[in-house]
Each structure stands twice: as C-alpha cells, then as structure tokens.
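# Architecture at a glance
Each chain, written out:
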Amino acid sequence: MSTRWFGQPIPRVEDERLLRGAGAYLDDLGHDALAAAFVRSPHAHARITDVDVSAALDVEGLVAIYTYDDLPDRLAEPLPLLIPHPTLTHGRTPYALARDKVHHVGAPVAMVVAEDRYLAEDAAERIAVRYEPLPAVVGIAAARAAAHLVHEDVPGNLAARMTQSTGDVDAALAAAPHVLSLDLAIERSASTPLEGRGVLARWDAEARRMRIWSSTQTSTGVRAAVAAKLDLPLVDVDVITPDVGGGFGVKIMHPWPEEVLVPWAARLLARPVKFVEDRREHFVASAHERGQLHSVRVGFDDDGRLLGLDVRFWHDHGAFIPYGLIVPIITSTQLLGPYKPGAYRVTFDSLYTNTVIVTPYRGAGRPQGVFVMERVMDAIARELGLDRTTVRERNFIEPHEMPYDHGLVFQDGRPLIYDSGDFPASLAKLKQLVGWDDFEQARETARAEGRRIGIGLACYVEGTGVGPYEGGHVVIETSGKVKVATGLTSQGQGHQTVFAQIVADELGVPLDDVEVVTGDTRRFGYAVGTFASRAAVMSGSAIALAARAAKEKALRVAGDALEANPDDLEIVDGVVRVVGAPGAEISLGTVAVLSNPLRYAFDTAAQAATQFASGDPAKPPVPEDDEPGLEGRDYFSPMQSTFANGMHAVVVETDPDTAEVKILRYCVVHDCGTLINPRIVEGQIHGGVAQGVAGALYERMAYDDAGQLQNASFMDFLMPYASEVPSSVEIDHLETPSPMNPLGIKGAGEAGVIPGAAAIASAIEDAEGIVLTSMPISPSELWELRRSKETG
Amino acid sequence: MSELIDVVLTVNGVPRPLSIPARRLLSDCLRHDLRLTGTHVGCEHGVCGACTVLVDGLPMRSCLLLAVSVEGNDITTVEGLAEPDGALSAVQQAFRDCHGLQCGFCTPGFLTTVTAGLRDNPDPDEQQARDMIGGNLCRCTGYQNIVRAVLRAAELAR
Ligand code: FES
Ligand code: FES
C-alpha cells in the first residue's frame, strides 16, 4: 500500500513559493494598473455641505475623481444587507460613497484614480470637503441612552432586539436557592491581518468581461455582488483570490465599497485599477468586533448546578449593519458551552454607534459568550466554596446525552444540537496536563518567594462547518496529474496541503501529483466562503466525495480496458492494477485518455492507450449516462453544523508592584474530530491563542467621545510581538470523530482564540483575589482594582 | 514636483539603474519599480517589520528609507536569500520544516531579520531566538513555530 497522508504532519506545499518571495498577493499584481485612493471622513458624524475638487484637478497623473453624485443606477443604492433576519427591523447599510452624511471616521467620501498611489494621494489631499459636524454616538452607554441618533429614522439606535429561551426562567430563578447577578464587558478588537484589504479589476472591453482579484474570504460572494451592482451577467465576471495575507474574518465581509467602485472605474476608464488599503485605513474603514455589555442573573442549587440563566446583552455593531446579526446570535447560543443551563433566556439589542462597522472576527461572538458563562461558573464556585472544575463537571452535558438538543436556533437557522463531544474526558485531560490538583503547592512555593501566581480555566463549544454547502472538482489529466478545485478561499490555513492529502489518499496517487486551487471562480463557481471554521469540514468533505466519484469512474474505465471487475482493482501510486495479478495494470493517465473518445495522440499516455480496446460498440461513444473525461464533482451539504470543543488552562504571575501579568503556562485540550494534518491544526491553535491573549491583555479600540480612534496604528494598537505571547503552548488532542461528515472532522480555525479572555481572567482573579468583570485588562487597570480593593 | 532622480541600486548583487522621484520609498521602489514583490508592506510606519531588507547586511525597514538614499549600498531582499545553487537557505528551510509561516505575508521580513540575526549570533538559546524576532509582527502563527525555526536554522547552518 502507498502511504496514507491523512493524519500526517507533513510540511506544506504552499511554503516553497512563499519562502522565496514568489507569492502573489494582491499588491504584487497589476503593475500596469491605475491606483485608487480615497478621501475619507475625519468626523464620526457630520453632514457634508460641499465637496470642492478644483484644487485637485491640476495634480499631474490624475485620471478621475468620483463622488456620490457620479454613481449610476444600482451603484447609487445602499450596499446590500447580506444576512437579513426577521428581528433586524432597522437594518441600515452604507452607500459606496457617502451621500449627504458621514457616519464614522474613515467613511469613504470620494474616490481618486491616478497614475500611481503617490499621485492619487496628492490629489485626494487637495479635495476640500466641508462638513457640518453632528453629535457622535460612541459606546454602548451612549447608544442605549439615545440622546442622539446615528440614523434619524432609527429610534433608540436599535437595529434589532432578539430573544430566545427554553423553559421558564422567571420561575426557575424565583425557586433557586442561590441567585447571583453579574455585569460583564468585553471591548472591541479587530482581525488585523498583516495584509489589509485590496482589489484589482481589469475590464476586457473586447470580450466585455470583468476580471477581479480581491484579497477576500469569498470570491463567489464578491463576484455576485459586482455582477449585480454593475449590471453584468454573472458568467462575464471572474473573481480570483490571490495569495491572501491573513483574514481572520474581516475579509468575509463583502462587497466592500472599494470592491464595487474599483471594477466600476476600471470599466469606465477602460484601464485596470487597483486599490490597496493602508494600515490606517484598515483601522478606520474595515471592521472591528467584540464590543458587548452583558447583564446576567443565574440561579443554582447547593451543589452548584444551574437552574436558570437569564442573559441580557447589548451589542455595538457600529454605524451600519451589512453583515446582519451573526455575531450576537452566536453569543446568544454558544454562550452555553458544554453546560446544561436549566431554563435559559437570552435577549440582545444590536445598537448603532458612530464607529466603524462590526463583522465577525475569529471566534465571532464566542469569546464574549464564553467569557460570560465562565465568569458565571467561577462566581458559583466562589459563592459555594467549591473547586472551579467541580462546578463545571457538575454542569457538563454527559457523553451519553449526545446528540444534545438545546432547544435553540443556531446562527445557520438550524436547531442547536451538539453532535458529539466528551467534556468530562476533556476536563480530565486538561487537569492532568496543567497539574490542576497540585497547584496549591506551587502557589505556596511562589508565595514563599514573594511571588503571586494564579491558575484559571475556561471551556467552550464551537459550532463549526456551517452550511449551506461547498463543492469540489477533481480532474485526472492524461499526464496522470490530478487537478483539484474548490470555491472557498485560503488565507494561510494550508488548504492546498490538507486537501491534497485527502485527494492523494482517496485516489491512491502521489501527493506531488495533486494540485489544489481555491477561490477562483473560473475553476469552481459555487461556493460560500471561508469563515466559521468551515473549510476543512465543508470543502474537505466535498473534495473527498468528488475524488471518490473520479475514482469510481477510473475503476470502471480501467476495468473495461483490463477486462477485470472494478471491484478487483486498486490504485497504488497512480497506477490501477488488478489485485493479486502482477503486471495487469494501467496508469491513471492512460485511463484518462481512455475516458475521452476523442483520442489524438498528443502525449505518451495517449500512445500507451492504443493497446487497450475500450467502449461498448453497441453504445454511442459517450453513453447517455456518462460524460467524456476523468472527473468527479460533488457537493457537501450537512443537515447542521458539527460542534468542536476545547478547554484551556492558564497559569499567570502578577507583579506585586507593577501589576504586570505574565503567562507562565498555557495549556490547551482540543477536540476537533479527526486531524488531517496535526501540524497545521497546532499552528491554527498557536495563532488563535496569541489572539486570545491579545484580547485579554493588550488589544482594544480606543475611541474618544468624538468618535476618533486614538490608536489607529501599529504604534498604539498593541498587537502582540513574540515577547507578549506565552513562551510555549502545551497541546493535547482528543479526537471525537464527527458523525456529520464523511471524514469525521470538525473545524479548527477559530478554537484557539475563543476561551482566552475567560481563562486569563480566571487566572488573574485566582492570583489576586479580585473579581474581574471586564476584559481586556491592562496593568494600570489591575493596579486600580487592587487599590480600590485595599481602600474597600 | 516629481522631478526624477537617476540612481543605481544594487539589489541582490545586481546593479539596477532607475529614474525615480526623491520621495519614492525603498519598499515601493523594490516592489513596483523593480518588481521584487517578495518584500511586503504591512504598516508603512516602521512597526511590523514585514518590509525588512538587508542593507549592507543590516536589517532595515524599507518603508522608512527613501530609495534614493541607498545608492551605493548592498541591498538584499527575500528573493536574494536562497543559496547560489537555488536551494533554500538554512533559514528558509527551517521555516518550512517548523511550519513557521501560515499566510506568509510577514515571512520575508522574518527571513531577512533572522538571516542577519544568526550572522551576529549563530548559536542562540531560546530566549535569544525570541529576542531576535522581537521587532516583527505576525498575526497568524503566534510566533511559537517561528522561534523554533530560528533554533532549527542555527542547527542547519552548523
Ligand atoms: S511595512 Fe515597514 S515596518 Fe511595517
Ligand atoms: S504568517 Fe501570516 S502574518 Fe505571519
């Protein structure tokens, strides 16, 4: 048998190219393109009274300036609301260029196109926009108070109010022997990929076709949006995803204003046009996430078992809500984690503020939900004097209760039913890994040295691999090489490697013979996109099914040629052979030739094919139930998401003088079903953990009351360097195969980030004996908390 | 305004004559004039390190240098790191072996930085390896495997 690739921690096929500097990211393309730059609002909320471009007109190299008034037809309408919901009663989306008003700093007001970006910025600087400032609504408190409105026609700044519940929460709380109330807050942060957004468009005036490259997480989404906005047939628009320098959620949002404006300008000017976002633009004109306030009442019995949980929260979604309610819906449902809540009710308000929009950032509402639930668990433990792990154990859903139906509706509109997971086993592994039961000794030793250390943990469940579908296409060429395509996109997850591992196994071909293309609508037109840890589950499964279809055909054609029953055939190293009959074999390339009745002998495989008779002379050359070529295409569309889970434990040391927090150990137990490539999964966890630490200790969006983002640069936004992350991440895997897909996999992309803030808060509390209700926490905030504790 | 200045830049050992405006950043010049797009731009304000190139062997942020200011210096970009026979350098190979890159956008800056760092200190311990990359941002890897790659590169070079 040839090597089985599935499960092997092999190095990535992507790397060679990227290590030589031969990657092709968005701004590496289109050297002949004109450059676009944008005039953006310096005000959080203002009326535009005048746009004067006259001073810009004699800038050399200027090609065009566009404002709202130039936009035709559908481009002049508001951008789409991607995911409507019945409770989203007041959904507002922006215009591609501001019309009359701006609603956040960074909103695009005018687009300048020039020979290069320097010149485009020269011209943009000379455009004089007169604003009449309006009061800015910044932060959840101001949005709720609604003394001022972000949109005149949206009362209370309220886009949506949504409630879900199971059981009678009021009765459960009234009857509970213990009830606690907690107020909990999480600040804004952002995906912050190292490469910003960017788009390049070429209009082919002769063929009347548009070709677009975008640094996106969804090429099919961009394609459909541009076709609709520019009134082009879908078949005449190609969208290609080049190498993408990270996404983490922000690039799933589409169409960005620039993604429709740049192709429009390229068509008007009949020249390629490119927009590449700079870092400041990324801070003020893309998207953030995480900002939420939560107010919780929890009832529990003397053993710490939950009886009722009543959660009210407020979600700050920024100036517009083009991505809908996905983030707060995820918080509402995934807050429950591995626990049985008793009766549960959750209500959220999604509120407008004069800040940049909110769309999912890795974790997408889960870090907030987990923070809330895990604070509740710690509060119960404190109240009853129980070990924190004991309270969790007592509330776990047990393995024999799987599949477990929460009686709620998940983000995909499907029932929230956990398919699998063994939470007690995960916790036992975690306690073992971190040495939970021996920690008191370590604490005493540290204390004797004048040091303060603390331990904390947090558990989560993550719905991954949401539908509706992905597809895969596998074609075996006459060279024997296998070309694979799937429509979703890659931003560094190593899809080309893991999908090749799947196909090499399914077909029995050498890994090097498999080449995978993602996110190119020319190769695969139907796709959803890369988000919600869905790529491996969805496209991995679809590609496996497509490879099986191609294999079935290969065996059938080879069976004909070798005069053997397909059931007696196997494929090893790209050769189909009769099991137990040495010499009776045919290469897959030759099978590919035989699969096509048009057989010009272009290559050696075709020449080799002449020795085999094939096809049934009683049937047409391509029988009715067949097609020429050796290909497989299939789709994967599960009934519902599959649920991964994990638990993190952290040991921290807090400096008695400076209140600095140092992470001494970071332990992860993670169940993402079967692992295709453990090395890649661990890499995903490492990156996620770093973002979790960032959200717990460093990153926040510092808006002032006027809606100015005070830290819109890498100088002031504290993205961790190597010195800020734990020096090692200790990982233990549990593999509970998912019953929801043919490979047993669950998503792994977001897991690392989800419980970070909760686990670190728990550990700091444990070290300090101070209750934390808000994250992230800086040394000065911790120092203040200490001081107020001392002064009572 | 954009009066052009004639310069000859020596990049990866090759003299490259250019006519560029004085304000042209070295990063833009490498990427767009010379089409050496391996050098990436993540912030344009000197913080992320993605644009790091070697100037006379020293790591420098090409987004903070004007192209006209480095005439006469030896500039090495990621495209110039491979061995003369085309094989990956020890540092490049180590990043591959250790899964030290995901999206790869930050990678060229790390490779140049580590190449220079190991020249100064060919035998770093783990803390020194961490310090060596302490000025470069990566959003994907959490740095764990980059630190490993630094140590592995030192090992490969021995
Ligand atoms: S681009 Fe030069 S340091 Fe970030
Ligand atoms: S690998 Fe993506 S930023 Fe470092």
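Along each chain, residues carry numbers from 1 onward, in the same order as the chain's sequence is written. Just so you know, chain letters begin at A and ligand numbers begin at 1, following the order they were written in. The predicted nature of this model means local features are confined to residues of pLDDT at least 70 and side-chain atom pairs, given and counted, to a pLDDT of 80 or more, with totals for whole chains, interfaces and linings taken over all residues. Where side-chain values are given, they derive from all heavy atoms of the structure, hydrogens and water being excluded.

## A word on the sheet that holds strand E3 (residues 62-67) of chain A
Residue and element names in this part refer to chain A. Only strands joined by at least two bridges in the DSSP assignment are considered to pair. The way it works is that DSSP assigns letters per residue, a run of H or I at least four long becomes a helix, a run of E at least two long becomes a strand, and they are numbered from the N terminus. Taken together, seven strands build an open sheet; the order of strands is E3-E5-E1-E12-E9-E10-E11 and the sheet is mixed. With one partner strand each, in any of the chains shown, E3 and strand E11 (237-240) form the two edges of the open sheet. Here the strands of the sheet are splayed against their neighbours by 20° on average, with no regard to which way each runs. With six bridges connecting them, strand E9 (residues 198-204) and strand E10 (residues 209-214) associate as antiparallel partners. In this description, a line fitted to the C-alpha atoms serves as the axis of each element, helices being fitted only across the stretch in contact, and the angle between N-to-C directions of two axes falls anywhere from 0 to 180 degrees.

## Comments concerning the environment of Leu79 of chain A
Residues and elements named next belong to chain A. Structurally, Leu79 can be placed in the loop between E3 and strand E4 (101-102). Separated by 243 residues in sequence, Leu79 and Pro322 have C-alpha atoms that sit 7.6 Å apart. Between two residues, a contact is recorded if the distance between any of their heavy atoms is within 4.5 Å. For Leu79, the contacting residues outside a window of four places in its chain are Thr93, Pro94, Tyr95, Ala96, Lys229, Pro255, Pro257 and Val260.

## A look at the interface of chain A and chain B
For interface size, the figure often reported is the accessible area lost on association. With 56 residues of chain A in contact, the opposing surface of chain B contributes 55 residues. Buried area counts how much accessible surface, traced with a 1.4 Å probe, disappears from two parts once they are put together, with both parts' losses summed. When the buried surface of chain A facing chain B is broken down by residue, Leu19, Tyr118 and Leu194 of chain A rank first, second and third, together holding 18% of it. Salt bridges are defined by distance alone: a side-chain nitrogen of Lys or Arg within 4 Å of a carboxyl oxygen of Asp or Glu. There are five salt bridges connecting chain A and chain B. Two N or O atoms form a polar contact when they lie within 3.5 Å of each other; inside protein one atom must be a possible hydrogen donor and the other a possible acceptor, and for residues adjacent in sequence the pair counts only when both atoms belong to side chains. Our count for the contact surface shared by chain A and chain B stands at 25 residue pairs in polar contact (both at pLDDT 80 or more).

## Considering the packing of aromatic side chains
The pairing test for Phe, Tyr and Trp rings, Trp by its six-membered ring, is centres within 6.5 Å, and the orientation test on the planes gives stacked under 30 degrees, edge-to-face over 60, and tilted for anything in between. Evaluated as defined, the whole model comprises 14 aromatic pairs over all chains. A ring pair is formed by Tyr25 of chain A and Phe105 of chain B, whose centres lie 5.2 Å apart and whose planes are at 85°; its orientation type is edge-to-face. You can see Tyr25 of chain A sitting in the loop between helix H1 (15-19) and strand E1 (34-40) and its partner Phe105 of chain B sitting in the loop between helix H2 (90-97) and helix H3 (107-120), one on each of two chains. The buried label applies to any residue whose accessible area, calculated with a 1.4 Å probe on protein chains only, is under 20% of its type's maximum; exposed applies above 50%, and partly exposed to all values in between. Looking at Tyr25 of chain A, the relative accessible area reads 1%, which means it is buried.

## Remarks on the domain arrangement of chain A
All names here are of chain A. As far as domains go, chain A holds domain 1 (32-134 + 197-244 + 251-285), domain 2 (376-463 + 641-790) and domain 3 (468-636). Note that domain bounds follow an automatic or database assignment of domains. Taking only C-alpha atoms, the centre of domain 2 and the centre of domain 3 are 43 Å apart. Tallying the contact residues gives 17 residues for domain 2 and 18 residues for domain 3. A combined buried area of about 1,200 Å² lies between domain 2 and domain 3, and 66% of that area is made up of carbon and sulfur atoms. Considering only the side of domain 2, the residues that lose the most area to domain 3 are Ile676, Pro742 and Leu743, jointly responsible for 40% of the buried surface there. Secondary structure elements with two or more residues in the side of domain 2 that touches domain 3: strand E18 (452-464) and helix H17 (678-698). Taken together, the residues that form the side of domain 2 that touches domain 3 break down as seven nonpolar, seven polar and three charged. Under the grouping applied here, Gly and all other residues not named as nonpolar or charged are polar, the nonpolar ones being Ala, Val, Leu, Ile, Met, Phe, Trp, Tyr, Cys and Pro and the charged ones Asp, Glu, Lys and Arg.

## Concerning helix H11 (residues 423-434) of chain A
Residues and elements named next belong to chain A. Each residue after the first adds 1.5 Å to the expected span of a helix. In a regular helix each residue adds 1.5 Å, so twelve residues correspond to 16 Å; H11 covers 16 Å between its end C-alpha atoms and thus fits that length. What H11 keeps buried is the set Phe423, Ser426, Leu427, Leu430, Lys431 and Val434. For H11, the arc enclosing every buried residue in end-on projection is 135°, short of the 170-degree limit, so these residues lie on one face. As for H11, its buried residues are in contact with helix H10 (388-395), strand E17 (415-418), E18, strand E26 (642-654) and strand E27 (661-671). Capping the start of H11, Asp422 holds a side-chain oxygen 3.2 Å from the backbone nitrogen of Ala425, two or three residues further along. Once H11 finishes, Gly435 follows within two positions and takes phi at roughly 70°, a positive value. Note that the arc is defined by the directions from the helix axis to the C-beta atoms.

## Focus on the sheet that holds strand E4 (residues 58-61) of chain B
All names here are of chain B. Taken in spatial order, the five strands make up an open sheet running E2-E1-E5-E3-E4, and their pairing is mixed. With partners counted over all chains shown, the strands left at the sheet margins are strand E2 (14-21) and E4, one partner each. Mean inter-strand twist for the sheet, computed between neighbouring axes without regard to direction, equals 45°. Two elements, strand E3 (residues 52-55) and E4, share four bridges in a ladder whose sense is antiparallel. When the sheet's bridge partners are listed, Val55 is paired in E4 with Leu58. Contacts from helix H1 (residues 26-33) reach strand E1 (4-11), E2, E3 and strand E5 (74-76), with the element oriented near 110° to E2.

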